[in-house]
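A look at the structure
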Amino acid sequence: MSASSFRLLVKNATQVVLVCRNGEKYLTRDGMQTLAVVENGSVLIGHDGLIKAVGPADIIESQFKGAKFDNVLDASGMCVIPGLVDAHTHPVWAGDRVHEFAMKVLLSFYSICFNYCILYYMNISLSLCVREVSILTSKHLNTNNEALSLCSVVCVQLAGATYMEVHEAGGGIHFTVSHTRSATEQQLLDGLQSRLERMMRAGTTLVECKSGYGLELDTELKMLRVINSARNSLPIGISATYCGAHAVPKGKTMEEATQDIMAVQLPKIKMQIASGELQVDNIDVFCEKGVFDLNSTHCILKAGKDMGLNINFHGDELHPMNSAHLGAELGALAISHLEEVTDDGIAAMARAKTSAVLLPTTAYILRLSPPRARDMLDAGVIVALGSDFNPNAYCCSMPMVMHLACVLMKMSMPEALAASTINAAYALNRSHTHGSLEIGKQGDLVIINAPRWEHLVYQFGGHQELIRYVIIKGEVVYENAKVLNL
Ligand SMILES: N=CN[C@@H](CCC(=O)O)C(=O)O
Ligand SMILES: [Zn+2]
């Protein structure tokens, strides 16, 4: 029996979902089928923010009779899960790209009309489309000629401008780059903090945050400083990623951009990491047709790895680029997207224990064929999930990502939860401290007001009605007192 004092006791929960209980660093398909769950359980967190005990409520009660607790939460009728881990976000940016979403929606409508128009009506619907889209886009773009150039792409494609057509027409990432370059550090930090707090309220307690809307040294450093400031001012855990190769900046060739990253950006970032000005954990490249090819991606990722950064990069999203083979060869911890990964690539990732960070929101919003999660699971790949929060996929909610993973990618609810906890932590090289409720790990919990944990996945949206507490290192960082008993 122990009579010392502790930071937090969460007691009498209907379910405590540990996810795993034997120190696993990740779970592959078979291990995901039966997550470790304690019925009528309690969790004890020490003043150091680490889990000191987790198990049946009656045993915890008798074992710690006489102990003192700074805070006691009675979780009767509620469920406790590990804090959610978001393995892929682009949360530092300025500008508003709602017009791109409008274009997609508008164009799908006009493309249906277009398909059924006879020649006479077609001219009218075409000019209507030009007028409509130019009104929408000119409101949001700096100049009318940008709007017109976008409209030309958009209207030529009537069936909906693809992501890369918008990108190549100067929209997408390039639109955000121009606004992020001109934003102040404080403006970027204010935006990041409000987005991270929104993610926290949706149950995320550890999140990967990328740079990548500067594409040149000063703005990439500005973004990495902003991520550092957020790490020092918010309780949420942050894994910082340098993504200076997110796109080829306007006015440069891919070769010139690669040279600038290798000769200018990475050396400066290395110096600032060494001096303690920056903390950067991972390196990322958008390896894609029309962006960075396999050779440039290899050079940049290898240079980042040689600096001690983990590799978590965008691969095989829109075209099969053989990114999976490259990532496996380089010992990448994670490859994200993978909508177009090949069977050989999947096998290479399984052998190399390179995790697949799947992003169902982007596949959904861009109407891509969803990543083949079941083939990856069956091949033994470590599957993780991420929100891919960015101006193109504006989703802060890992519960919605888990729901989409089940509906679009046919993952089970236990697989989706493991992919959003222990496996996402693995993708960030943090599964020794995060991703499950085991003694010695960080005391990050989400308490939901439901009799079964699966409600966190099954209910779609509106999680503010379900999530009662979010806890980081044993401190309550979000409480929704309005959540009533079901
Ligand atoms: N594909 C590249 N990067 C992001 C999108 C970034 C943006 O469109 O601003 C992604 O992962 O989806
Ligand atoms: Zn991304």
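Residues numbered from 1 in each chain as written. Chains lettered and ligands numbered in written order. Predicted model: local features only at pLDDT ≥ 70, side-chain atom pairs only at ≥ 80, totals over all residues. Heavy atoms only, no water.

Points about the overall build of the protein chain
- Looking only at helices and strands, the protein chain features 19 helices and 16 strands.
- Within the protein chain, the fraction of its 486 residues that count as buried is 58%.
- Taking all contacts inside the protein chain whose residues are at least 6 apart in sequence as the whole, residues at least 24 apart take part in 73%.
- Counting only carbon and sulfur atoms, one obtains 54% of the accessible surface of the protein chain, whose full area is about 18,800 Å². (Helix = DSSP H or I, 4+ residues; strand = E, 2+ residues; numbered from the N terminus. Buried < 20%, exposed > 50% of the residue type's maximum accessible area, 1.4 Å probe, protein only. Contact = heavy atoms within 4.5 Å. Areas by Shrake-Rupley, 256 points an atom, 1.4 Å probe, with all protein chains shown as cover.)

Here we look at the site of ligand 1
- Close contacts around ligand 1 come from 16 residues, with Arg97, Tyr163, Tyr213, His337 and Asp388 the closest.
- Between ligand 1 and His337, the relevant distance is 2.7 Å, taken from an oxygen atom to a side-chain nitrogen or oxygen of the residue.
- About the coverage of ligand 1: the protein hides 100% of its 330 Å² of free accessible area.
- For the shell around ligand 1, the residue count by class is five nonpolar, eight polar and three charged. (Near = heavy atom within 4 Å. Polar contact = N/O pair within 3.5 Å; in protein donor to acceptor, adjacent residues only side chain to side chain. Nonpolar A, V, L, I, M, F, W, Y, C, P; charged D, E, K, R; others polar.)

So, the UniProt feature "domain: Amidohydrolase" (unreviewed entry) in the protein chain
- Here, UniProt's "domain: Amidohydrolase" (unreviewed entry) annotation points to residues 334-478.
- End C-alpha to end C-alpha, residues 334-478 measures 30 Å, and it is 35% helix and 17% strand. (UniProt positions renumbered as here; feature names shortened; annotations may be inferred.)

Comments concerning the side chain of Ser436
- Structurally, the position occupied by Ser436 is in the loop between helix H18 (422-427) and strand S14 (445-448).
- On the basis of relative accessibility, which here comes to 2%, the residue Ser436 falls in the buried class.
- At 2.6 Å, the side chain of Ser436 forms a polar contact with the side chain of Glu438.
- A distance of 2.7 Å separates a polar atom in the side chain of Ser436 from a polar atom in the side chain of Lys441.

Description of the coordination of the zinc ion (ligand 2)
- Surrounding the zinc ion (ligand 2) are the protein donor atoms His88 (NE2), His90 (NE2), His314 (NE2) and Asp388 (OD), at 2.0 to 2.8 Å.
- Counting along the primary sequence, the residues that act as donors to the zinc ion (ligand 2) give the motif H-x1-H-x223-H-x73-D. Here Asp388 lies in the loop between strand S13 (383-385) and helix H16 (398-409) and His88 lies in strand S6 (residues 84-89), a separation of 300 residues in the sequence.
- Given the relative accessible area of 3%, Asp388 is considered buried. (Donors = N, O, S within 2.8 Å, 3.2 Å for Na, K, Ca; no water.)

Let's talk about the side chain of Ser296
- As for its placement among the helices and strands, Ser296 is situated in helix H11 (residues 294-306).
- A residue is classified by how much of its surface remains accessible, and Ser296, at 6% relative accessible area, is buried.

Considering the sheet that holds S6
- If you trace the eight strands from one edge of the open sheet to the other, you get S6-S7-S8-S9-S10-S11-S12-S13, paired in parallel fashion. Unpaired on one side and paired on the other, S6 and S13 mark the two borders of the sheet. Each strand of the sheet is rotated relative to its neighbour by a mean of 25 degrees, with strand direction disregarded.
- Here five bridges tie strand S7 (residues 204-210) to strand S8 (residues 237-245), and the two strands are oriented parallel to one another. The residue of S8 that forms the bridge with Lys210 is Thr241.
- Across the face of the sheet, helix H10 (residues 254-274) comes into contact with S8 and strand S9 (282-285) while running at roughly 160 degrees to S8. (Pairing = 2+ DSSP bridges. Axes fitted to C-alpha atoms, helices over the stretch in contact; angles between N-to-C directions.)

Structural notes on unusual backbone geometry
- Of note in this structure, Arg367 is not a glycine but carries a positive phi near 55 degrees.
- As for its placement among the helices and strands, Arg367 is situated in the loop between helix H14 (360-365) and helix H15 (373-378).
- Here Arg367 falls in the exposed class, since its relative accessible area comes to 58%.

Quick word on helix H13 (residues 343-352)
- Turning to H13, its buried residues number three or more, namely Gly345, Ile346, Ala348, Met349 and Ala350.
- Buried residues in H13 make contact with helix H12 (323-330), strand S11 (334-337), strand S12 (355-358) and H15.
- One or two positions beyond H13, positive phi appears at Lys353, with a value near 55 degrees.

Topic: the pairing of S12
- On S12, burial covers both faces: Ser355 and Val357 on one face and Ala356 and Leu358 on the other are all buried.
- Sheet topology note: the S11/S12 ladder contains three bridges and is parallel. Looking at the pairing, Ala334 lines up with Ser355 of S12.
- Between the parallel pair S11 and S12, the chain is carried across by H13, and the sense of this crossover is right-handed. (Right-handed = clockwise from strand over helix to strand, strands pointing away.)

Looking at the packing of aromatic side chains
- Going through the model one piece at a time under the given rule, you end up with six aromatic pairs.
- Note on Trp93 and Phe389: the rings are 6.0 Å apart at their centroids and 25 degrees apart in plane angle, and the pair reads as stacked. With a gap of 296 residues between them, Trp93 in the loop between S6 and helix H3 (98-116) and Phe389 in the loop between S13 and H16 connect regions that are remote in the sequence. A single burial state applies to Trp93 and to Phe389, both of which are buried.
- Ring centres of Trp93 and Tyr394 lie 6.0 Å apart, and the angle between their planes is 85 degrees; this geometry places the pair in the edge-to-face category. Placement of the pair is Trp93 in the loop between S6 and H3 and Tyr394 in the loop between S13 and H16, with a sequence separation of 301 residues.
- In this structure, Arg195 is placed above the aromatic ring of Trp93, and the distance from its NZ or CZ to the ring centre is 3.7 Å. (Phe/Tyr/Trp six-rings, centres within 6.5 Å; stacked < 30°, edge-to-face > 60°. Lys NZ or Arg CZ within 6 Å of the ring centre and 35° of its normal.)

Observations concerning the nonpolar core
- Counting 110 residues, the largest nonpolar core has Leu196, Phe292, Leu358, Met376, Leu385, Met411 and Leu417 as its most contacted members.
- The element best represented in this core is helix H9 (residues 217-233), accounting for seven residues.
- Two domains each donate at least three residues to this core, and these are domain 1 (5-82 + 437-479) and domain 2 (85-93 + 178-427).
- Of all hydrophobic cores here, the second largest spans 19 residues; its members include Val16, Leu18, Leu445 and Ile471. (Core = buried A, V, L, I, M, F, W, Y, C linked by side-chain atoms within 4.5 Å. Domains from an automatic or database assignment.)

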